[in-house]
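So the chains spell out like this:
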Amino acid sequence: MKLDSPSRRRVLGALGAAAAGIAGCQSPGRSDPDADPGSTGVDDQTGSTGESAVSEAYGSAADAVASIRVYADDGSGSQGSGFLVDDRHLVTNEHVVAGGSEYHVRFADTGWREVSLVGADVYSDLAVLRIDDSPSGTTPLSFVDSDPPVGTQVVAIGNPFGLAGSVSAGIVSGVDRTLESANNFSIADAVQTDAAVNPGNSGGPLVTVDGDVVGVISAGGGDNVAFAVSAALTQRVVPTLVGGDEYEHSYMGVVLQDVTPRLAEAGRIDPEAGVYIDRVVEGGPSDGVLQGSDRNVVQSGVEVGVGGDVIRRLNDTRTPTRQELSTFLALETSPGDTIDVTLDRDGQRQTVQLPLGTRPDPSS
């Protein structure tokens with residue numbers, strides 16, 4: 001797979017702010033999904049025409065981005081975006097392909113082509129499609145080596161509302177965010193952007209000025225807030241899906257919450273940053289190793305669980321919040337690994353060893 005190929009230099013400048021919307025799949029018919037895919041919706045926000053920087057960035061990346069149309073057995077359908085990561089495979093979101101039985105893609109210079117679903121992972125909202133006849137001369141997109149600094153200029157390329165080949169510009173607004181996933185789990189290490197994201201953008205790439213993929217656009221949370229599954233997580237999950245296997249996520253089997261001022265006061269916990277274990281899942285990896293709340297107290301009129309462990313480190317990595325803890329598990333561990341958990345228990349700091357399990361089947 002072309003997941004680590006050298007970046008293709010793309011010039012991008014003079015980016016303006018962009019409004020974000022709710023991302024997701026769009027049922028065909030909201031706009032004309034059969035419109036000429038060469039009629040682009042370039043929103044460079046520079047007030048210039050022709051050789052604008054955003055247009056140049058778009059022109060060098062958009063040939064690897066495809067519209068995706070999904071049909072279910074009952075005749076219903078949805079659409080989204082995706083992009084080539086090698087000559088035979090496209091990455092998109094799991095929620096774009098969920099429930100489908102027939103899948104088609106269209107690039108800027110092609111008609112619709114039927115593709116097959118290779119694999120999908122609901123816990124990362126990623127999926128892989130296989131195409132047997134990708135456009136000749138198209139260069140698959142590569143990924144960044146690490147999360148870009150906040151403020152990095154980026155563009156989102158996709159098909160919002162069926163407007164094929166649209167681009168919007170913005171910046172990286174935040175990194176190491178968490179997104180909701182199945183069964184009350186979360187997607188770690190997500191990238192936040194203010195680039196405009198709307199229904200139909202899901203599965204498309206969020207790219208840097210160098211043309212490297214920062215993340216796979218997944219969701220929007222309000223005005224000027226959208227999210228992408230990070231390049232780091234994508235590069236862990238996608239090769240497994242390409243190989244036809246299910247990706248297994250590390251699992252501790254605990255219910256966590258950050259150490260807030262109210263919790264610290266109620267439980268007489270050192271207010272140093274850390275993650276509190278409210279509950280240990282019975283029969284899970286942490287059962288008998290870690291401890292959750294053993295009682296509730298009322299603090300400022302609110303009932304608060306106390307008496308549980310406070311995690312300070314996993315191996316040598318500090319875990320001041322759930323975000324850092326989740327990112328460490330998602331990017332640095334695999335099921336079956338045994339990790340050192342440094343924690344505070346009953347006012348004493350200690351380190352215990354925890355064998356990690358595998359997240360349960362999302363359908364369970």
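Source: prediction; values computed, not measured.

Parameters and conventions
Residues numbered from 1 in each chain as written. Predicted model: local features only at pLDDT ≥ 70, side-chain atom pairs only at ≥ 80, totals over all residues. Heavy atoms only, no water. Helix = DSSP H or I, 4+ residues; strand = E, 2+ residues; numbered from the N terminus. Buried < 20%, exposed > 50% of the residue type's maximum accessible area, 1.4 Å probe, protein only. Contact = heavy atoms within 4.5 Å. Areas by Shrake-Rupley, 256 points an atom, 1.4 Å probe, with all protein chains shown as cover. Axes fitted to C-alpha atoms, helices over the stretch in contact; angles between N-to-C directions. Left-handed = near helix turned anticlockwise from the far one by under 90°. Nonpolar A, V, L, I, M, F, W, Y, C, P; charged D, E, K, R; others polar. Expected span 1.5 Å × (residues − 1). Pairing = 2+ DSSP bridges. Salt bridge = Lys/Arg side-chain N within 4 Å of Asp/Glu carboxyl O. Phe/Tyr/Trp six-rings, centres within 6.5 Å; stacked < 30°, edge-to-face > 60°. Lys NZ or Arg CZ within 6 Å of the ring centre and 35° of its normal. Core = buried A, V, L, I, M, F, W, Y, C linked by side-chain atoms within 4.5 Å. Polar contact = N/O pair within 3.5 Å; in protein donor to acceptor, adjacent residues only side chain to side chain. pLDDT = per-residue confidence, 0-100.

A.B. asks: Help me understand the overall build of the protein chain in this model?
C.D. replies: Along the protein chain, the regular secondary structure elements total 5 helices and 23 strands. In the protein chain, buried positions account for 52% of the 364 residues. Sequence separation of at least 24 residues holds for 67% of the intrachain contacts in the protein chain that already meet a minimum separation of 6. Accessible surface computed for the protein chain: about 15400 Å², of which carbon and sulfur atoms make up 44%.

A.B. asks: Whenever I open this one, the packing of helix α3 (residues 231-242) against helix α5 (residues 322-332) confuses me. Can you help?
C.D. replies: The contact between α3 and α5 brings their axes to 9 Å, and the two run at 35 degrees. Remark: the crossing between α3 and α5 carries left-handed chirality. Where α3 abuts α5, its residues Ala232, Leu233 and Arg236 lie against Ala330, Leu331 and Glu332. Its residues placed into classes, the contact of α3 with α5 shows 4 nonpolar, no polar and 2 charged.

A.B. asks: I tried to follow α3 on my own but got confused; where do I start?
C.D. replies: What sets the pattern is the α-helix's 3.6 residues per turn: residues three or four places apart point alike. The end-to-end C-alpha distance of α3 is 16 Å, a good match for the 16 Å that 12 residues give at a rise of 1.5 Å each. Two residues or fewer past α3, Gly244 is found with a positive phi of approximately 85 degrees.

A.B. asks: Explain the sheet that holds strand β3 (residues 77-84) to me, please; I cannot follow it from the model alone.
C.D. replies: Pairing between the strands of a sheet is mediated by backbone hydrogen bonds and can be parallel or antiparallel. An order of β2-β3-β4-β7-β6-β5 is seen for the 6 strands of this closed barrel, with the pairing classed as antiparallel. Taking the axes of each pair of neighbouring strands and ignoring which way they run, one obtains an average angle of 40 degrees across the sheet. Both strand β2 (residues 65-71) and β3 contribute to a ladder of 7 bridges, which runs antiparallel. Following the sheet pairing, Ile68 is matched in β3 by Gly80.

A.B. asks: What exactly am I supposed to notice about the pattern of salt bridges here?
C.D. replies: If charged atoms from side chains of opposite charge come close, those side chains can pair. Counting across every chain of the model gives 8 salt bridges. The closest approach of N and O atoms between Arg130 and Asp132, which form a salt bridge, is 3.6 Å. The class of Arg130 is partly exposed, set by a relative accessible area of 29%. Residue class for Asp132 comes out exposed when judged on its relative accessible area of 59%. Linking Asp309 and Arg345 is a salt bridge whose minimum nitrogen-to-oxygen distance equals 2.8 Å. Here Asp309 is found in the loop between β18 (302-306) and β19 (310-314), whereas its partner Arg345 is found in strand β21 (residues 338-345), with 36 residues between them in sequence.

A.B. asks: Please explain the packing of aromatic side chains as it appears in this structure.
C.D. replies: Aromatic rings considered in pairs are described by the distance between their centres and by the relative angle of their planes. Applying the stated criterion across every chain, the model contains 3 aromatic pairs. Taking the centre distance of 5.3 Å and the plane angle of 75 degrees together, the rings of Tyr123 and Phe185 count as edge-to-face. Pair noted here: Tyr123 is in the loop between β6 (113-121) and β7 (126-130) and Phe185 is in the loop between β9 (166-180) and β10 (186-193), with a separation of 62 residues, a long-range link. Aromatic ring contacts, followed pair by pair, group Tyr123, Phe185 and Tyr251 into a single cluster. Over the face of the ring belonging to Tyr123 we find Arg359, whose NZ or CZ atom lies 5.0 Å from the ring centre.

A.B. asks: Would you mind showing me how to read the nonpolar core here?
C.D. replies: As a rule of thumb, nonpolar side chains are buried together in soluble globular proteins. Of all hydrophobic cores here, the largest spans 60 residues; its most connected members are Phe83, Val105, Leu129, Ile157 and Leu206. Top element by residues in this core is α3. It accounts for 5 residues. Discounting residues that sit within four places of it in the chain, Val105 has contacts with Ala66, Ser67, Ile68, Gly111, Trp112, Arg113, Val115, Leu129 and Ile131. Counting residues in hydrophobic clusters, the runner-up holds 18 residues, among them Ile277, Val280, Phe328 and Leu329.

A.B. asks: Is there a simple way to think about the side chain of Thr138 in this case?
C.D. replies: Within the secondary structure layout, Thr138 lies in the loop between β7 and β8 (153-158). A distance of 3.3 Å separates the side chain of Thr138 from the backbone oxygen of Pro135, its partner in a polar contact. Among all residues touching Thr138, those that are not within four sequence positions of it are Asp63, Ala64 and Leu84.

A.B. asks: Honestly, the confidence of the model for the protein chain in this entry has me stumped. Any pointers?
C.D. replies: In the predicted model, the protein chain carries a mean pLDDT of 84, and 84% of its residues have values of at least 70. pLDDT under 50 marks residues 1-51. Its contacts with residues more than four places away, or in other chains, come to 168 contacts.

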